[in-house]
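One-letter residues, chain by chain:
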Amino acid sequence: MAVNVGRGRSSRRPTLEEVAARAGVGRGTVSRVINGSPRVSDATRAAVEAAVAELGYVPNTAARALAANRTDAIALVVPEPETRFFAEPYFSDMLRGVGAELSDTEMQLLLIFAGSDRERRRLAQYLAAHRVDGVLLVSVHAHDPLPDLLAQLDIPAVISGPRSEHETLPSVDSDNYGGGRSAVEHLIDRGRAHIATITGRVDVYGAQRRIDGYRDALREAGREVDEGLILPGDFTEEGGRRAMTELLTRRPDLDAVFAESDVMAAGARQVLREEGRRIPDDVALVGYDDSAIARHMDPPLTCVRQPIEEMGRAMIDLLQDEIAAPRPSVSRGSAPRQVVLPTELVVRQSS
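In this report, we go over the structure that sits alongside the text. Treat the numbers as computed from the prediction; the structure is a model and nothing was measured. (Residues numbered from 1 in each chain as written. Predicted model: local features only at pLDDT ≥ 70, side-chain atom pairs only at ≥ 80, totals over all residues. Heavy atoms only, no water.)

Quick look at helix H8 (residues 146-153)
One full turn of an α-helix is made of 3.6 residues, so residues set three or four places apart face in the same direction.
Piece 1. Listed in full, the buried residues belonging to H8 are Leu146, Pro147, Leu150 and Leu153. What you see down the axis of H8 is that its buried residues fit within an arc of 125°, all on one side. In H8, those exposed residues whose orientation departs by more than 90 degrees from the buried face are Ala151 and Gln152.
Piece 2. In this structure, the buried side of H8 is in contact with strand E1 (73-78), helix H7 (117-128), strand E3 (134-138) and strand E4 (157-160).
Piece 3. Among the residues trailing H8, Asp154 stands out with phi positive, at a value near 60°. (Buried < 20%, exposed > 50% of the residue type's maximum accessible area, 1.4 Å probe, protein only. Helix = DSSP H or I, 4+ residues; strand = E, 2+ residues; numbered from the N terminus. Arc of directions from axis to C-beta. Contact = heavy atoms within 4.5 Å.)

Take a look at the structure:
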């Protein structure tokens, strides 16, 4: 049986010192090249990279992280039940964007649910041990204590959608106000007279902004806002069903519905079909997100597209900046960074 015992193919891992000797440089220079420092000449960098390739050297990321007081891990924290996470396309699209942006890094992603009191207590203990370098918070409600806990522990964090206009954490969001407004303007342009909306949870700032866009679009068209046509949902399919049933009872003459998520639009569509209302002939229907649900609905759903995957990517970019910044990362008196991505109305057959 032949065994290759060549120097570059030994089962023993080559060391940083061996790479330095092969390249004819010091140990510190090799470390700077591996860590991407610009304080190295092109010729030296090429020599070190050639030595790394020849020896098959693999950096010990665990040791590097320990020396830098880093874990090379971040947590995506979802303060919602697992059932909702796996039922709604918003979360999978967000996770896809986060994962794509991390794919070229050495950082690990931990997915943590914190929908119950027990899960939150366990999360608090985990974070207090500083086992992650930073946290992404998704689907946070107005009075959720998790952001304040992260601030107390001095852990870098980015939130998906601010809790209010006075958000203290860096955040990434889409233009919820503009999205809500464009949906209603479209329905007005289609000649619809009685436009209802099924809102998201009113303790979510993004849902509040969509309602603001709905109201302003009606007012600017010279119409009064009929509060009887505004009904809260909870971003679930069943919530869309309940709200649509109640709206038809309140206002059987409604001829358009703006559901503030595609999932709620799917629930509303079921009720409209059951009640014999044709879409869009009798009732026009507009959703929000532009998920696969919208494209596969019958008829295909007009909706506001928010760039969820891009939001996930932007959250990682922002969090990496926060991790790299000196702590505390936000200097006193300065506002946290707020990234708002544009939305787009995608018109299909439902309106």
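Some points on the sheet that holds E1
Piece 1. Reading across the sheet, the 6 strands line up as E2-E1-E3-E4-E5-E11 and stay open at both edges, with parallel pairing between neighbours. Edge strands, defined here as strands with exactly one partner in the open sheet, are strand E2 (108-113) and strand E11 (338-341). When the angles between neighbouring strand axes are averaged without regard to direction, this sheet yields 20°.
Piece 2. Sitting on the sheet, helix H6 (residues 89-102) touches E1, E2, E3 and E4, and the angle it makes with E3 is about 155°. (Pairing = 2+ DSSP bridges. Axes fitted to C-alpha atoms, helices over the stretch in contact; angles between N-to-C directions.)

What to know about the environment of Glu275
Piece 1. Mapping Glu275 onto the fold places it in the loop between helix H12 (262-274) and strand E9 (284-289).
Piece 2. As for Glu275 and Ala43, which are separated by 232 residues in sequence, their C-alpha atoms are 75 Å apart.

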